[in-house]
Amino acid sequence: MPTASEIRVVAKEVDRIFTLNGLSCCLVGGGGCVLYGCTRTPSDVDIVVMTQSHTQESLKEMLVHHDHHFYTRASKQIGATWRVLFYTLPETLYSRHRKRWCKVDILTPGTMNIPHIDPPLIKRISGLPVMPLLPLLLLKLQAWDDHRTSLRADFRQKQYVDVSDVKKLVGVARVRGEHIRDAQTELGLPGSFVEAGKVRVRVFVSLMGVEDGCAEDWAAIGLFGEVSTGRDESATRLSLRLRATRRLGERGESDELMYRFRSMRL
């Protein structure tokens, strides 16, 4: 497993190479959370490249071409056509000549509902580019929702780390005076992205409880309002249906659900 300093080295090298090729990128996932104050060490590097002219595979090839530490290997997932990107790490006293590596996930806007962020609006913290706080928080909340409902046991196990990250990030957002209204205006976040996030917040608070679910923090940043138990249950059902329609590609019904989200007091 990479150390915190190794995660930074890998992220900086990815940023350097993409910048050299005229591309802007930013950290998301655990690496992004750490820059905003989460204390755990991520197990990999998740980077979003703000481009529509390159595929994820061509971006991986770009990194491999520029630095021999990067390499790819075929995915083990049945039927997968993509390759998985890694960065070779140096041996340590305890690795006993076993190869050490750090997995690097290259993403682009639109993948997993990731919003496009104009390059001038990407934040830099400690010399690293990172997704602005509120869209990062909503993406982490989405990861929690996906992990807790996954059919894979290893994915479901990740939900507990997600909960810790979400609680930390929403607290930081409140202290910083962030508000989703301002983020939508300044960053141009899609309305469907924000509305789906509000539903997930309702589910999060419903499952965790008002205090453990950080209801006051969510309310302070504009993502949660005072609601009744009946409304919470309705939000949970709509969240599950939205996920089902997204998987089936039934866009029409998804649009109808988003209309219903807007009519609720979120």
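In this report, the structure presented in the accompanying data block is examined. (Residues numbered from 1 in each chain as written. Predicted model: local features only at pLDDT ≥ 70, side-chain atom pairs only at ≥ 80, totals over all residues. Heavy atoms only, no water.)

1. Structural notes on the packing of aromatic side chains
Thinking step 1. Counted according to the given criterion, the structure contains 5 aromatic pairs.
Thinking step 2. Seen from their ring centres, Phe70 and Tyr87 are 4.9 Å apart, and the 75 degrees between their planes marks the pair as edge-to-face. Placement of Phe70 in strand S3 (residues 70-74) and of Tyr87 in strand S4 (residues 83-89) is noted, with a sequence separation of 17 residues between them. Per residue, the accessibility class of Phe70 equals that of Tyr87, and both read buried.
Thinking step 3. Look at Phe86 and Trp101: their rings are 4.9 Å apart centre to centre, the planes differ by 75 degrees, and that puts the pair in the edge-to-face class. (Phe/Tyr/Trp six-rings, centres within 6.5 Å; stacked < 30°, edge-to-face > 60°. Helix = DSSP H or I, 4+ residues; strand = E, 2+ residues; numbered from the N terminus. Buried < 20%, exposed > 50% of the residue type's maximum accessible area, 1.4 Å probe, protein only.)

2. With respect to the pairing of strand S1 (residues 25-28)
Regular strands place side chains that alternate from one sheet face to the opposite one.
Thinking step 1. Residues Cys25 and Leu27 of S1 are buried on one face, and the alternating residues Cys26 and Val28, pointing to the opposite face, are buried as well.
Thinking step 2. Relative to strand S2 (residues 44-49), S1 runs antiparallel, the two being bridged by 4 bridges. The residue of S2 that forms the bridge with Cys25 is Val49. (Pairing = 2+ DSSP bridges.)

3. Brief notes about helix H1 (residues 4-20)
Thinking step 1. Between its terminal C-alpha atoms H1 stretches 25 Å, which fits the 24 Å expected from 17 residues at 1.5 Å a residue.
Thinking step 2. Glu6, Ile7, Val10, Ala11, Glu13, Val14, Asp15, Ile17 and Phe18 are the residues of H1 that are buried.
Thinking step 3. A positive phi of about 75 degrees marks Gly22, the residue just after H1. (Expected span 1.5 Å × (residues − 1).)

4. Considering the state of the cysteines
What is meant by a disulfide is a covalent connection between two cysteines, made through their sulfur atoms.
Thinking step 1. Taken as a whole and judged by the stated rule, the model has 0 disulfides.
Thinking step 2. Note on Cys25: no disulfide assigned, nearest cysteine sulfur contributed by Cys26 at a separation of 7.1 Å.
Thinking step 3. A relative accessible area of 3% places Cys25 in the buried class. (Disulfide = S-S within 2.5 Å.)

5. Section: the packing of helix H4 (residues 133-148) against helix H8 (residues 191-208)
Thinking step 1. Viewed as axis vectors pointing N to C, H4 and H8 meet at an angle of 55 degrees, and their least axial separation amounts to 10 Å. With respect to each other, H4 and H8 are oriented oblique. Between H4 and H8 lies a crossing whose hand is left-handed. Taking contact as the criterion, the partners of Pro135, Leu138, Leu139, Leu141, Gln142, Trp144, Asp145 and Arg148 in H4 are, on H8, Phe193, Val194, Gly197, Arg200, Val201, Val203, Phe204, Leu207 and Met208.
Thinking step 2. Classifying every residue of the contact of H4 with H8 by side-chain character gives 12 nonpolar, 2 polar and 3 charged. (Axes fitted to C-alpha atoms, helices over the stretch in contact; angles between N-to-C directions. Parallel < 35°, antiparallel > 145°, perpendicular 65-115°, else oblique. Left-handed = near helix turned anticlockwise from the far one by under 90°. Contact = heavy atoms within 4.5 Å. Nonpolar A, V, L, I, M, F, W, Y, C, P; charged D, E, K, R; others polar.)

6. A word on the pattern of salt bridges
Thinking step 1. In total, this model carries 14 salt bridges according to the counting rule given.
Thinking step 2. In this structure, the salt-bridge partner of Asp105 is Lys103, at a minimum N-O distance of 2.5 Å.
Thinking step 3. Of the charged contacts in the structure, one is a salt bridge between Glu178 and Arg176, with a shortest N-O distance of 3.4 Å.
Thinking step 4. For Glu178, a relative accessible area of 22% puts it in the partly exposed group. (Salt bridge = Lys/Arg side-chain N within 4 Å of Asp/Glu carboxyl O.)

7. Considering unusual backbone geometry
Thinking step 1. The backbone phi angle of Met112 is positive, close to 55 degrees, even though this residue is not glycine.
Thinking step 2. Its location among the elements puts Met112 in the loop between strand S5 (100-107) and strand S6 (123-125).
Thinking step 3. Of note, Cys214 is a non-glycine position whose phi angle comes to about 60 degrees, a positive value.
Thinking step 4. In this structure, Cys214 sits in the loop between H8 and helix H9 (215-220).
Thinking step 5. Using a relative accessible area of 13% as the deciding quantity, one classes Cys214 as buried.

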